[in-house]
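# Observations on chain architecture
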Amino acid sequence: MTDPAILLSLDNITKRFGALVANDAISLDLRESEILALLGENGAGKTTLMNILFGHYVQDEGLVRVRSNGGDMNSLPPGSPGAALAAGVGMVHQHFTLAENLSGLDNIRLGTEPLLSLGRRAMARTRIKSIIAESGLEVDLDRRVADLTVGEKQRIEILKALYRDARVLILDEPTAVLTPQEAEGLFVVLRRLAANGLGVIFISHKLGEVLAVSHRIMVLRGGKKAGELTAAQADRRAIADLMVGKAVAEVTRTPGSIGKALLEFDDVCLGKPSTRTALSHVSFKLRAGEIVALAGISGNGQTTIAALLSGLAVPDSGTLRLDGQPMTRTSPRRLVEAGFARMPEDRQHDGVVGTMSVAENIAIEDVRSPELSRFGFLNRNAMQTRAQSAIAAYDVRCPGPDAEARLLSGGNVQKLILARVLEREPRIILANQPTRGLDIGAQAEVHRRILAARDRGAAVLVISEDLDELFALADRFLVIHAGEVVEAGPADALDRATIGLLMAGQSHTTEPLAQ
Amino acid sequence: MDVLLDIFASANFWAAAIRIATPLIFGVLGALICERAGVLNLGIEGIFVAGAMAGWLAVYLGAGLWGGVLIAALAGALFGLLHAFLTVILGLSQHVSGIGITLLATSASYFTYRTTLPDVSSPPRIAPFQPIAVPGLSDLPFIGPALFQQTLLTWLALVLVAIVAFVLYRTPLGLAIRAVGDNPASVEAQGLSVRGLRIGAVVIGSALMALGGAFLTMSAFDAFFFGMVNGRGWICIALVVFASWQPGKALLGALLFGAFDAFQIRLQAEIGQVVPGQVFLMMPYLLSILALVLVARKADYPRALLQPWTKGQRH
Ligand SMILES: Nc1ncnc2c1ncn2[C@@H]1O[C@H](COP(=O)(O)OP(=O)(O)O)[C@@H](O)[C@H]1O
Ligand SMILES: [Mg+2]
């Protein structure tokens, strides 16, 4: 049996951003009917590689070659999406490239008809309808894209490629924005398209779905090709190790030594009862050297607890006590000065100022310290020095201290925030969804740092919807439901089922319904 | 009250309203095309002056009326090209570049006028466009004089509204222009040139703006005066917002403004002894601010307006 024909080959692609080598001599082949997964941690260079293939970025070295209809491999001129499209390469970007003021139909037609003509709207509609029927990409073509759901927008994006007779389809993290059901639907479509001869490159950092949908897996790490294997050979463990580069160390938790109570919520109420953000009569303690999990379905008052611990809200009634003293007149700055640290839930939005540099973002909570400023003037050199050591110590992958923070991937933003807050040796840490959206390597890193802070004597509150994460970290569990917090007890004595019932609002004392 | 009724019932009033609206129709269409592609063109005020000067001078030097129109459009296109170079290619602030173009085009026009005609003291006159009376229709009561005593340039403006609307909503080119003003990435991902579309839109839009100026010296009046544009360009910028970037509504907005202005002139004649004239001059502007307050808050801006686009930027 001969292998299916090669559709596309990348030959030693290298791309640098300043000193950072985002792609280092990467080669890759894609065959007809093949679903190739491009797997790698955030920042591994997956998007960069595909942007080069599609002509958004110009490579520093290397060739992109695509098979023509005649069967020869022709190299694509660098930096020309038009040429890539003409050669049959279609790309669905991580961030959609749709004009929201146009209908789906018009977005698909865009650029396919001579500009100075009357267009062929009706013909286009007929053809797209038949593509929809064939592929199962059901969508309303006449709605304004702004009014479509994320899943529908993605289908428009795929239709755009198919309408141009793409023979290679690239999808950049297509499942990141989908619900599990929508993702399942997408996989069905992809399998069907591949069965018809389309070559698919599927970018992801989620192991499970990669194993489910792809035929072959290529792993990128730090801009380099780390390995390539067929899905049949692959096992989760081996791929995870390839992605991270070293055997992913299981984060081990040693029992801590619990000290005195640092922070106390005493009968705290806030907000109109029965709204999603209200808290009613919340009491609990955070003790030194202890990680406390706050489990709960999102929208049960977690954001309000986080706001209180960040100084963004004050209780309507009840008291917060720090070291036994009631805290009055809290503000974010006062809390920082009192030794609080927070890792906000929406780290890109609330955790960094995107248009400021990495160095500025690292210094931002501490600019009044004598180390960083004198007489109100910033000491830029000291900021640089601090940023450089933080980048090294926390392994923040970025072009340098002067890079804008918005250019960092999610995992690296989180590491930047860790560097900022942990260097001050805080006593009380709020970790709100600390690893949401992060890859395994970064997750393990964040967990290790949080555990280390606890061992140093900090009191930590972890808010997460991911029970596995909470069990990996927590010494003790609190569960929040409808603005009320119940004490669930030490982690060792609990299982997921018990927590699940509490999250659903079953009280601690009622026995679970017997079968 | 009688005064008001008299004004609104006179065909002359409506004829004047349309005449006053004509340069605004050109200007607002031009601004609309630029902004639909994502580029604010505050050079409009100066481009009006340049169009007024260039068109008039060409006719004065013997180019013929349509030759003058063409020269005016070319002058506008040139300043548009400069604005496009600064904002689309270099990615500079559209506000700053636009204001700069206005200052430059205004002074360059006055300078050209002074150097070509150093010795004249009163502005020389040309033979401007004449109203065309359509036989039969012009004699209709009321509508006849209002509509069919306009010059060809007014008709051109009205036809252009239809053309711009057709191109924007019915052709692939219009599709691309609307897309590039909303999300340039959508255009690039479909293999079209963001820069090409934007430069083209700014150049064409600026040419239309210049026609608004040309109307002043070649149809409304027959000579070029300093200060004759008098804020009409700025009014167009406001009218685009009022019109939610739609050609049909742009026409409506220009006509409304024309009606306010014509009304104010007549009201001044009637009761000008009682109220100082400046109050009347203010009126159309006050009304347009009011209209903006009411409309613009809900306005559906082209999402990429003011945002420069560089290839390979993160999106
Ligand atoms: N336009 C750019 N300018 C500077 N650095 C960039 C740019 N695009 C990507 N990078 C950097 O290149 C590296 C790879 O990024 P990317 O390809 O987006 O990773 P992935 O898609 O695998 O998460 C990251 O460190 C990122 O910060
Ligand atoms: Mg990516």
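Quick notes on the rules
- Residues numbered from 1 in each chain as written.
- Chains lettered and ligands numbered in written order.
- Predicted model: local features only at pLDDT ≥ 70, side-chain atom pairs only at ≥ 80, totals over all residues.
- Heavy atoms only, no water.
- Helix = DSSP H or I, 4+ residues; strand = E, 2+ residues; numbered from the N terminus.
- Rg over C-alpha atoms; globule rule 2.2 N^0.38 Å.
- Buried < 20%, exposed > 50% of the residue type's maximum accessible area, 1.4 Å probe, protein only.
- Contact = heavy atoms within 4.5 Å.
- Areas by Shrake-Rupley, 256 points an atom, 1.4 Å probe, with all protein chains shown as cover.
- Lys, Arg positive; Asp, Glu negative; His and termini not counted.
- Charge placed at Lys NZ, Arg CZ, Asp CG, Glu CD.
- UniProt positions renumbered as here; feature names shortened; annotations may be inferred.
- Domains from an automatic or database assignment.
- Buried area = accessible area lost by both parts, 1.4 Å probe.
- Salt bridge = Lys/Arg side-chain N within 4 Å of Asp/Glu carboxyl O.
- Polar contact = N/O pair within 3.5 Å; in protein donor to acceptor, adjacent residues only side chain to side chain.
- Nonpolar A, V, L, I, M, F, W, Y, C, P; charged D, E, K, R; others polar.
- Pairing = 2+ DSSP bridges.
- Axes fitted to C-alpha atoms, helices over the stretch in contact; angles between N-to-C directions.
- Expected span 1.5 Å × (residues − 1).
- Bend = angle between axes of the 7 residues up to and from the residue.
- Disulfide = S-S within 2.5 Å.
- pLDDT = per-residue confidence, 0-100.
- Core = buried A, V, L, I, M, F, W, Y, C linked by side-chain atoms within 4.5 Å.
- Parallel < 35°, antiparallel > 145°, perpendicular 65-115°, else oblique.
- Left-handed = near helix turned anticlockwise from the far one by under 90°.
- Phe/Tyr/Trp six-rings, centres within 6.5 Å; stacked < 30°, edge-to-face > 60°.
- Lys NZ or Arg CZ within 6 Å of the ring centre and 35° of its normal.

## What about the overall build of chain A?
Across its full length, chain A carries 17 helices and 22 strands. The C-alpha radius of gyration of chain A comes to 26 Å, within 12% of the 24 Å expected for a compact globule of 515 residues. Overall, the C-alpha framework of chain A stretches about 80 × 65 × 50 Å when taken along its three principal axes. Counting every position in chain A, which comprises 515 residues, the buried fraction comes to 51%. Partitioning the contacts of chain A with sequence separation of at least 6, the portion at a separation of at least 24 is 68%. On chain A, roughly 22,600 Å² of surface is accessible, and the fraction owed to carbon and sulfur atoms is 52%. Side-chain charges of chain A comprise 58 positive and 62 negative groups, with the mean position of each set lying 3 Å from the other.

## A short note on the UniProt feature "transmembrane region" (unreviewed entry) in chain B
Residue and element names in this part refer to chain B. As recorded in UniProt, the sites labelled "transmembrane region" (unreviewed entry) are residues 12-32, 39-59, 65-89, 147-169, 199-218, 224-243 and 279-296. What you have in residues 12-32 is 100% helix and 0% strand, and the ends, taken at the C-alpha atoms, are 29 Å apart. The straight-line gap between the two end C-alpha atoms of residues 65-89 is 35 Å; of that span, 100% is helix and 0% is strand.

## Some remarks on the domain arrangement of chain A
Residues and elements named next belong to chain A. Here the domain parsing of chain A yields domain 1 (6-244), domain 2 (251-339 + 426-515) and domain 3 (349-425). Computed from C-alpha atoms alone, the centre-to-centre distance between domain 1 and domain 2 is 41 Å. At the junction of the two partners, domain 1 supplies seven residues and domain 2 supplies six residues. In total, domain 1 and domain 2 occlude about 430 Å² of area from one another, counting both sides; carbon and sulfur atoms represent 58% of this. The largest contributions to the domain 1 side of the interface with domain 2 come from Glu41, Asn42 and His205, which together make up 66% of the buried area. Across the contact surface, domain 1 and domain 2 share zero salt bridges. Joining domain 1 to domain 2, the criterion identifies zero residue pairs in polar contact (both at pLDDT 80 or more). By residue number, the principal contributor to the side of domain 1 that touches domain 2 is helix 8 (residues 236-244), which donates three residues.

## Re unusual backbone geometry
A positive phi angle is found at His281(A), which is not glycine, with a value near 50°. Tracing the sequence through the fold places His281(A) in strand 12 (residues 279-287). Its identity is not glycine, yet Asn230(B) carries a phi of approximately 50°, on the positive side. Its location among the elements puts Asn230(B) in the loop between helix 10 (194-220) and helix 11 (232-242). Since its relative accessible area comes to 55%, Asn230(B) is described here as exposed.

## Details of the interface of chain B and chain A
The partner chain A presents 36 residues to the 27 residues of chain B that form the contact. Of the roughly 2,400 Å² buried where chain B meets chain A, counting both sides, 60% is carbon and sulfur surface. In this structure, the connection of chain B to chain A is made through nine residue pairs in polar contact (both at pLDDT 80 or more). Elements represented by at least two residues in the side of chain B that touches chain A include exactly helix 7 (152-170), helix 8 (172-182) and helix 9 (184-189) of chain B. The leading source of residues in the side of chain B that touches chain A is helix 8 of chain B, at seven residues. Grouping the constituent residues of the side of chain B that touches chain A by class yields eleven nonpolar, seven polar and nine charged.

## A look at the sheet that holds strand 1 (residues 6-17) of chain A
All names here are of chain A. Strand order in this open sheet of four strands is 2-1-4-5, and the pairing throughout is antiparallel. The open sheet is flanked by strand 2 (20-31) and strand 5 (73-75), the only strands paired with a single partner. Strand-to-strand twist of the sheet, defined as the mean angle between neighbouring strand axes without regard to direction, takes the value 20°. Both strand 4 (residues 61-67) and strand 5 contribute to a ladder of three bridges, which runs antiparallel. Directly across from arginine 65, in strand 5, lies its bridge partner serine 75. Taken strand by strand, helix 1 (residues 46-54) contacts strand 1, strand 2 and strand 4, and its axis lies near 115° from that of strand 1.

## Description of helix 2 (residues 11-36) of chain B
Residue and element names in this part refer to chain B. The end-to-end C-alpha distance of helix 2, which contains 26 residues, comes to 35 Å, matching closely the 38 Å that a straight helix rising 1.5 Å per residue would cover. By the largest-angle criterion, threonine 22 marks the main kink of helix 2, which is about 35°, and a proline, proline 23, follows within four residues. Of all 26 residues in helix 2, 23 are buried; the element is thus mostly enclosed. Looking one or two residues beyond helix 2, the residue adopting positive phi is glycine 38, at roughly 100°.

## Side note on the state of the cysteines
In protein structure, a disulfide is the covalent linkage between the sulfur atoms of two cysteines. As enumerated under the stated definition, the model contains zero disulfides over all chains in all. Take Cys236(B): it sits in no disulfide, and the sulfur closest to it among the cysteines is that of Cys34(B), at 11 Å.

## Considerations on the confidence of the model for chain A
All names here are of chain A. On average, residues of chain A score 88 in pLDDT, and 96% of them reach the 70 mark or higher. Across chain A, the element-wise mean pLDDT spans from 80 in helix 8 up to 97 in helix 3 (residues 104-109). In this model, residues 510-515 is a region of pLDDT below 50 whose contacts with residues beyond four sequence positions or in other chains number one contact.

## A short note on the nonpolar core
Judged by nonpolar contacts, the single largest core of 88 residues is most densely connected at Trp56(B), Val187(B) and Phe224(B). Top contributing element to this core by residue count: helix 10 of chain B, with 14 residues. Look past the residues within four positions of Trp56(B) in its chain and what remains in contact with it is Gly51(B), Tyr113(B), Leu117(B), Pro124(B), Ile126(B), Thr217(B), Met218(B), Asp222(B), Ala223(B) and Phe224(B). Counting residues in each nonpolar core, the second largest holds 48 residues, with Leu416(A), Leu422(A), Val460(A) and Ile499(A) among its members.

## A closer look at the environment of Cys269(A)
Residues and elements named next belong to chain A. With respect to the element layout, cysteine 269 can be found in strand 11 (residues 261-270). Cysteine 269 gets classed as buried once you look at its relative accessible area, which sits at 13%. A sequence separation of 51 residues divides cysteine 269 from leucine 320, and the C-alpha atoms of the two residues are 11 Å apart. Once residues within four sequence positions are removed from consideration, cysteine 269 is found in contact with Leu279, Ser280, His281, Pro315, Asp316 and Ser317.

## Some remarks on the sheet that holds strand 16 (residues 340-343) of chain A
Residues and elements named next belong to chain A. Spatially, the six strands line up as an open sheet ordered 16-19-20-13-21-22, and their pairing is mixed. The open sheet has two edge strands with one neighbour each: strand 16 and strand 22 (484-490). On average, each strand axis in the sheet is tilted by 20° relative to the strand beside it, whichever way the strands run. Lying on the sheet, helix 15 (residues 440-455) is in contact with strand 13 (290-295), strand 16, strand 19 (428-432) and strand 20 (459-464); it crosses strand 13 at an angle near 130°.

## Things to note about the packing of helix 7 of chain B against helix 10 of chain B
All names here are of chain B. One way to put it is that helix 7 packs onto helix 10 with a least axis distance of 11 Å and a crossing angle of 165°. In terms of orientation, helix 7 lies roughly antiparallel with respect to helix 10. When the axes of helix 7 and helix 10 are compared, the crossing they make is left-handed. Together, Leu153, Thr154, Leu156, Leu160 and Val164 of helix 7 and Leu208, Leu211, Phe215 and Ser219 of helix 10 make up the contact between the two elements. By residue class, the composition of the contact of helix 7 with helix 10 is seven nonpolar, two polar and no charged.

## Some remarks on the packing of aromatic side chains
This model, assessed by the stated rule, comprises 15 aromatic pairs over all chains. The interplanar angle of 65° and the centroid separation of 5.8 Å between the aromatic rings of Phe187(A) and Phe202(A) together place this pair among those described as edge-to-face. You can see Phe187(A) sitting in helix 6 (residues 180-195) and its partner Phe202(A) sitting in strand 8 (residues 199-204), a full 15 residues away along the chain. Assessed through its relative accessible area of 5%, Phe187(A) is described here as buried. Since its relative accessible area comes to 0%, Phe202(A) is described here as buried. Between the aromatic rings of Phe13(B) and Trp14(B), the centroid separation amounts to 4.8 Å while the plane-to-plane angle is 75°, which identifies the pairing as edge-to-face. Classification of Phe13(B) by relative accessible area gives buried; the value is 0%. Cluster of aromatic residues (ring-pair linked, three or more members): Trp56(B), Tyr60(B), Tyr110(B), Tyr113(B), Phe224(B) and Phe226(B). The residue whose ring lies beneath Arg449(A) is Tyr394(A), and the NZ or CZ to ring-centre distance is 3.9 Å.

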